Amino acid sequence: MEKISGINVVKTYKDNGFSGTNFNRDGWEELMNDLYSKKINCIVVKDFSRLGRNFLETGNLLEKVFPFMNVRFISVNDNYDSENTAFSRSMLEISFKNLMNELFVRDIARKIKTNLDTRKAMGYIAVGSVPYGYDVSADGKSLVLNPETAPVVRKIFEWRLLGKAKCEIARLFNELAIISPGRYRFLKSDGKKFKRQEHSKWIYQNITDILRNRVYIGDLVRNRATYSIFREKRIHKNDVSEWIITENAHIAIVTKEMFEKAQALENPEPNNDVVSF
C-alpha cells in the first residue's frame, strides 16, 4: 500500500454524479461499511464539501460520529486534522464553512428549478428519467419511440391481454435476457448513474408500472408530485387539479383500446393512475 505522511492509503472512495446534500451515496455507504468493519480509521478529503454539503449531517459526523468511532478526519484545504485540532476550538469556523457549502447548493438548486420551469413553459421535455420505450427528440421538445424498447412495451400489453400474469411476463423477459428498465437506464448513463440498478432484473412492479402509464397512449402527464432538487426527493403528491396533462403529445406505443382493456383486468373501474415524470 502507498504511504503518505505516515498514513497507509487503503482505498479511494468516489461519488461522481451524486449530490453532496445526500448521504445515500454508493461511495459513502462503502466508506461507512469499511469504517464499521475496522478496515480504515482515517478519512482524508480535499475540503469539507467533499464530505458532504448538508450542514447538520456534516456537523454531526465531525462532532459525534467520527470521535465516537475513533476515526481521524483530515481536510487538506481547510488545514484541519481532528488529531491535532480540538473540535471545540474550531467549531465556529467549521460550522460556518459547512453552512456556506449548503447555501451554495441551495442556490444552485433554485437556479436549476427556475431553468426547468422555463424549459417546460417553452415546450421542452424536462424529465429526470425518460420513460422506458421512449427517447427525447433531438430538439428536446417531444418523446420519440426507442426502437429497442418500444417493442418490449407493446409486447407487455399484448401478453397481458392474452391472459399472461404479470409475474409470468417478468419471468419470460428475464429468461429471454431482455434488459430491464433499471438496467437500461444504467447503461444509457454510461454507468455514471443508477448504479444500484446495474444488475436489476424484470420484476412484477416493472410490468405494473408500464401497464398503468398513460404515456404509452401518447399522453404527457407532468407535475404529479412536487420534488426538492436540493434534497433529491419527493416532497408530496400534487392534487389531480394541479396535474399538467397534454393528450396526443407524442407517438403512442399502444392504442387507447389496448390500454383501457389492460386497466380493466386490474380494476373494475377505469384506472386513471399514471406514472408521472
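Just above sits the structure.
In short, a report on the structure. (Residues numbered from 1 in each chain as written. Predicted model: local features only at pLDDT ≥ 70, side-chain atom pairs only at ≥ 80, totals over all residues. Heavy atoms only, no water.)

Looking at the overall build of the protein chain
For step 1, the next point in the chain: In terms of regular secondary structure, the protein chain is built from nine helices and 11 strands.
For step 2, the next point in the chain: Taking all contacts inside the protein chain whose residues are at least 6 apart in sequence as the whole, residues at least 24 apart take part in 61%.
For step 3, the next point in the chain: On the protein chain, roughly 16,700 Å² of surface is accessible, and the fraction owed to carbon and sulfur atoms is 52%. (Helix = DSSP H or I, 4+ residues; strand = E, 2+ residues; numbered from the N terminus. Contact = heavy atoms within 4.5 Å. Areas by Shrake-Rupley, 256 points an atom, 1.4 Å probe, with all protein chains shown as cover.)

Some points on helix H1 (residues 26-36)
For step 1, the next point in the chain: For H1, the complete set of buried residues consists of Gly27, Trp28, Leu31, Met32, Asp34 and Leu35. All buried residues of H1 lie within an arc of 160° about the axis, which places them on one face of the element.
For step 2, the next point in the chain: Looking one or two residues past H1, Lys38 carries a phi angle of roughly 65°, positive in sign. (Buried < 20%, exposed > 50% of the residue type's maximum accessible area, 1.4 Å probe, protein only. Arc of directions from axis to C-beta.)

A short note on the sheet that holds strand S3 (residues 42-45)
Hydrogen bonds between backbone groups are what pair the strands of a sheet, and the pairing can be parallel or antiparallel.
For step 1, the next point in the chain: The mixed open sheet is built from three strands, whose spatial order is S3-S4-S5. Lying at the two open borders of the sheet, with one neighbouring strand each, are S3 and strand S5 (80-81).
For step 2, the next point in the chain: Where strand S4 (residues 72-75) and S5 come together, two bridges link them in antiparallel fashion. Bridged to Ser75 within S5 is Tyr80. (Pairing = 2+ DSSP bridges.)

Brief notes about the environment of Glu175
For step 1, the next point in the chain: By the element assignment, Glu175 lies in helix H6 (residues 166-175).
For step 2, the next point in the chain: Through-space distance from the C-alpha of Glu175 to that of Trp202 is 9.8 Å; in sequence the pair is 27 residues apart.
For step 3, the next point in the chain: A polar contact is formed between the side chain of Glu175 and the side chain of Arg171, at a distance of 2.9 Å. (Polar contact = N/O pair within 3.5 Å; in protein donor to acceptor, adjacent residues only side chain to side chain.)

Topic: the packing of helix H5 (residues 150-161) against H6
For step 1, the next point in the chain: Across the interface, H5 lies against H6 with an axial gap of 10 Å and an inter-helix angle of 140°. Classified by the interaxial angle, the pair formed by H5 and H6 is oblique. By crossing handedness, the relation of H5 to H6 is classed as right-handed. Contact residues: Val152, Lys155, Ile156, Trp159 and Arg160 in H5; Lys166, Ile169, Leu172 and Phe173 in H6.
For step 2, the next point in the chain: Across the contact of H5 with H6, the residue classes break down as six nonpolar, no polar and three charged. (Axes fitted to C-alpha atoms, helices over the stretch in contact; angles between N-to-C directions. Parallel < 35°, antiparallel > 145°, perpendicular 65-115°, else oblique. Left-handed = near helix turned anticlockwise from the far one by under 90°. Nonpolar A, V, L, I, M, F, W, Y, C, P; charged D, E, K, R; others polar.)

Details of the environment of Leu145
For step 1, the next point in the chain: Within the secondary structure, Leu145 sits in strand S7 (residues 143-145).
For step 2, the next point in the chain: On the basis of relative accessible area, Leu145 is assigned to the partly exposed category, the value being 37%.
For step 3, the next point in the chain: Taking C-alpha positions, Leu145 is 6.2 Å from Asp135, a pair spaced 10 residues apart along the chain.
For step 4, the next point in the chain: In contact with Leu145, other than residues within four places in its own chain, are Gly133, Tyr134, Ala150, Ile251 and Ile253.

Section: H5
For step 1, the next point in the chain: Between its terminal C-alpha atoms H5 stretches 17 Å, which fits the 16 Å expected from 12 residues at 1.5 Å a residue.
For step 2, the next point in the chain: On its buried side, H5 packs onto S7, H6, helix H8 (204-212) and helix H9 (256-266).
For step 3, the next point in the chain: Remark: Gly163 follows H5 within two positions and exhibits a positive phi of approximately 100°. (Expected span 1.5 Å × (residues − 1).)

Some remarks on the packing of aromatic side chains
For step 1, the next point in the chain: Under the definition given, this model contains six aromatic pairs.
For step 2, the next point in the chain: Ring geometry for Phe157 and Phe259: centres 6.3 Å apart, planes at 35°, overall tilted. Pair noted here: Phe157 is in helix H5 and Phe259 is in helix H9, with a separation of 102 residues, a long-range link. By the burial criterion, Phe157 is buried, and Phe259 matches it.
For step 3, the next point in the chain: Through a chain of ring-to-ring contacts, the aromatic side chains of Tyr132, Trp159, Phe173, Tyr184 and Trp202 assemble into a single cluster. (Phe/Tyr/Trp six-rings, centres within 6.5 Å; stacked < 30°, edge-to-face > 60°.)

Structural notes on the pairing of S4
For step 1, the next point in the chain: The pairing of S3 with S4 spans four bridges and is parallel. Note on S4: the bridge partner recorded for Cys42 is Arg72.
For step 2, the next point in the chain: Where S4 folds back on S5, the antiparallel hairpin that results is connected by four residues, among which Asn79 adopts a positive phi of roughly 55°.

Some remarks on the nonpolar core
For step 1, the next point in the chain: Core analysis: the largest hydrophobic core is formed by 27 residues, its most contacted members being Phe157, Trp202 and Tyr216.
For step 2, the next point in the chain: Broken down by secondary-structure element, the contributors of at least two residues to this core are H5, H6, H8 and H9.
For step 3, the next point in the chain: Sequence-distant contacts of Tyr216, defined by excluding residues within four places in its chain, comprise Pro131, Tyr132, Tyr134, Val153, Phe157, Ile210, Ala252, Ile253 and Val254.
For step 4, the next point in the chain: Formed by 16 residues, the second largest nonpolar core is a distinct cluster that contains Ile43, Val45, Phe48 and Tyr80. (Core = buried A, V, L, I, M, F, W, Y, C linked by side-chain atoms within 4.5 Å.)

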